[in-house]
Amino acid sequence: MDRRPIRSDFFRYILANVISSVGVSVYILIDTFFISKGMGSEGLAALNLALPVFNFLNGFGLMFGMGGGSKFSMMYCRTERVETDRIFSNAFMTMLLIAAVFEITGLFFSKQITHLLGADAAVFEMSHSYLRKIFLFSPAFLMNNLLACFMRNDCAPRLAMMGMLSGSLVNVVLDYIFIFRLDMGMNGAALATCIAPFVSMGVMSIHIITGWNAFSLRLTLPSPKLIREIISLGMHSFFTELSGGIVIMIFNFVIYRLLGNTGIAAYGVIANIGIVFTAIYVGISSGVQPLMCRYHGRKNDAAIRYLLRLSVITSLIFSVCAYTVLFLQTSFIVGIFNSSGNNTLRDIAEHGLRLYFLFMPFMGINTIMSVYFSSNEKTHTAQMISLLRGTLLVIPLAFIAFSLRSINLVWLTIPVSELVTAAVAGAIFAFDLRRILSEDLKLAYR
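Residues numbered from 1 in each chain as written. Predicted model: local features only at pLDDT ≥ 70, side-chain atom pairs only at ≥ 80, totals over all residues. Heavy atoms only, no water.

Here we look at the overall build of the protein
In terms of regular secondary structure, the protein is built from 16 helices and 0 strands. In summary, the protein has a C-alpha radius of gyration of 21 Å against a globular reference of 22 Å for 446 residues, a match within 12%. The C-alpha extent of the protein, read off along each of the three principal axes, is 70 × 45 × 35 Å. Looking at the protein as a whole, 57% of its 446 residues qualify as buried. A total accessible area of about 18,000 Å² is found for the protein, and carbon and sulfur atoms account for 68% of it. Each charge class in the protein can be summarised by its mean position, and for the 33 positive and 23 negative side chains these summaries are 6 Å apart. (Helix = DSSP H or I, 4+ residues; strand = E, 2+ residues; numbered from the N terminus. Rg over C-alpha atoms; globule rule 2.2 N^0.38 Å. Buried < 20%, exposed > 50% of the residue type's maximum accessible area, 1.4 Å probe, protein only. Areas by Shrake-Rupley, 256 points an atom, 1.4 Å probe, with all protein chains shown as cover. Lys, Arg positive; Asp, Glu negative; His and termini not counted. Charge placed at Lys NZ, Arg CZ, Asp CG, Glu CD.)

Rendered as structure tokens:
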């Protein structure tokens, strides 16, 4: 097996996808920076309470984007164009129904959701203002994820990257204009974020307008069987994002009772920085996913294992370098988001950041292993990894830390969960690999 073209495709795909994923996460990080400058620690707390909604939106967008894109990639070389169009059309129609649910929630239940997320009287209005707009513009966020995922699987990762970066750049400019020049406060931050996906989709539409696409929207009857397959392939992405939202909600609940709104603001700094690093791991995994699916369609297990090794090594190298920078520059990083000079916020965030980000090497492995199993159509294993690292371990550990009144244990909840999950994923992979090699040996002796 010639590994050079595989290696070349790997680095080309992951570079574009990492930049693209970071571009999406920058939407929220830039909001955090400008809100911290314009509205201080209360603004940070209000934003952090709204973050789980982004997780739910990204969860549904990636479930149908990654699931539909995986199915598209597996079928691309062995089916007619009408079938790939059918995959995209079914994913698109189902996404419209989900978008309608978010729209209704934003119109009629946004206040109840804001209360449910834990906003008290001090931050309720700011948090509600932000959340309502995100709900109302939810179709744009969902469709942006869907289109980007299909384009990555349709050999257009660079254009998907350009679309995401364009949206991020517009978000930066509009944040500054709306918050500081027009004094729109939290409404301005939300509006800038909501306009960004329209810009992204405008750039990515070049892929369709020019006719480079191998998928199109067709009038077709919904296929429950196909929709179930798409959901099954993308469920691990949904669980990952959903779990992230639940973790933020649980952490907000626990930290508010231990440290109040200042603690939530400090966690907001940590969580928003965490979103960027998580996006890098998602970029590596979503970059390698089309390649794994492609080689799975060709039944080339050796190429898939080589891609897995490249992915894990890349994520580990990044983790070590990133944590070193975070550890050495903690004060500088926290200071960027602490414009009011709140000493309590600074102390909580600096200490928490050094403990919380110990999760990085294990999260990288778990994210990649989920995609590996999903790309090999072992969807239940991928879903189990996502659930284990996201909720089944985090929630009980967080409440144990709360019962012990230990903020240090709260920060260590995520690293411990990711470590245990990585051990489980490694054991499953070792067993799976042993079985595959045993079968290969039997075939060789026949």
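The structure having been displayed, the exposition proceeds.
A few points about the pattern of salt bridges
Tallied over the full model, the rule gives 6 salt bridges. Between D85 and R218 there is a salt bridge whose closest N-O contact spans 2.5 Å. Placement of D85 in helix α2 (residues 81–108) and of R218 in the loop between α8 (206–209) and α9 (224–297) is noted, with a sequence separation of 133 residues between them. Here R346 ties to D347 by a salt bridge, and the two come within 3.1 Å at their closest N and O atoms. Residue class for D347 comes out partly exposed when judged on its relative accessible area of 43%. (Salt bridge = Lys/Arg side-chain N within 4 Å of Asp/Glu carboxyl O.)

Remarks on the packing of aromatic side chains
Centre distance and the angle of the planes are the two values used to describe a pair of aromatic rings. Counted under the stated rule, the structure contains 31 aromatic pairs. Measuring from ring centre to ring centre gives 4.8 Å for F60 and F238, while their planes differ by 55°; the resulting arrangement is tilted. Taken together, the residues F60 in helix α1 (residues 4–76) and F238 in helix α9 connect sequence positions 178 residues apart. Just above the ring of F327 sits the side chain of R354; from NZ or CZ to the centre is 4.9 Å. (Phe/Tyr/Trp six-rings, centres within 6.5 Å; stacked < 30°, edge-to-face > 60°. Lys NZ or Arg CZ within 6 Å of the ring centre and 35° of its normal.)

Re helix α4 (residues 124–136)
Taking 1.5 Å as the rise per residue, α4 with 13 residues should run 18 Å; its terminal C-alpha atoms sit 18 Å apart, in good agreement. Where α4 is concerned, the buried positions are F124, M126, S127, H128, S129, Y130, L131, I134 and F135. (Expected span 1.5 Å × (residues − 1).)

Observations regarding the confidence of the model for the protein
The share of residues in the protein with pLDDT of 70 or more is 94%, and the mean pLDDT across the chain is 84. Ranking the elements of the protein by mean pLDDT puts α1 last with 79 and helix α15 (residues 394–403) first with 91. (pLDDT = per-residue confidence, 0-100.)

Points about the packing of α9 against helix α14 (residues 379–392)
At their nearest, the axes of α9 and α14 sit 8 Å apart, and the two run at 5° to each other. Classified by the angle between their axes, α9 and α14 sit roughly parallel to one another. Of the residues in α14, those in contact with S232, L233, M235, H236, F239, T240, S243, I246 and V247 of α9 are T379, A382, Q383, S386, L387, R389, G390 and T391. Its residues placed into classes, the contact of α9 with α14 shows 7 nonpolar, 9 polar and 1 charged. (Axes fitted to C-alpha atoms, helices over the stretch in contact; angles between N-to-C directions. Parallel < 35°, antiparallel > 145°, perpendicular 65-115°, else oblique. Contact = heavy atoms within 4.5 Å. Nonpolar A, V, L, I, M, F, W, Y, C, P; charged D, E, K, R; others polar.)

Some words on the nonpolar core
Judged by nonpolar contacts, the single largest core of 131 residues is most densely connected at Y130, F251, Y267, I273, Y356, F357 and M360. Top element by residues in this core is α9. It accounts for 28 residues. Those residues within four positions of M360 in sequence are excluded, and the remaining contacts are F277, Y281, S319, A322, Y323 and L326. (Core = buried A, V, L, I, M, F, W, Y, C linked by side-chain atoms within 4.5 Å.)

Observations regarding unusual backbone geometry
Phi angles above zero are rare outside glycine, and D183 is one such case at about 55°. Tracing the backbone through its elements, the reader meets D183 in the loop between α6 (157–181) and α7 (185–204). Positioned with a positive phi, R405 is a non-glycine residue whose angle comes to about 55°. Position of R405 among the secondary structure elements: in the loop between α15 and α16 (407–445). For R405, a relative accessible area of 52% gives the class exposed.

Focus: the packing of α6 against α7
Between α6 and α7, the least distance of the axes is 7 Å, while the angle of their chain directions is 155°. Taken as axis vectors, α6 and α7 run roughly antiparallel relative to one another. Between α6 and α7 the crossing geometry is right-handed. Of the residues that constitute the contact of α6 with α7, the class distribution is 16 nonpolar, 8 polar and 1 charged. (Left-handed = near helix turned anticlockwise from the far one by under 90°.)

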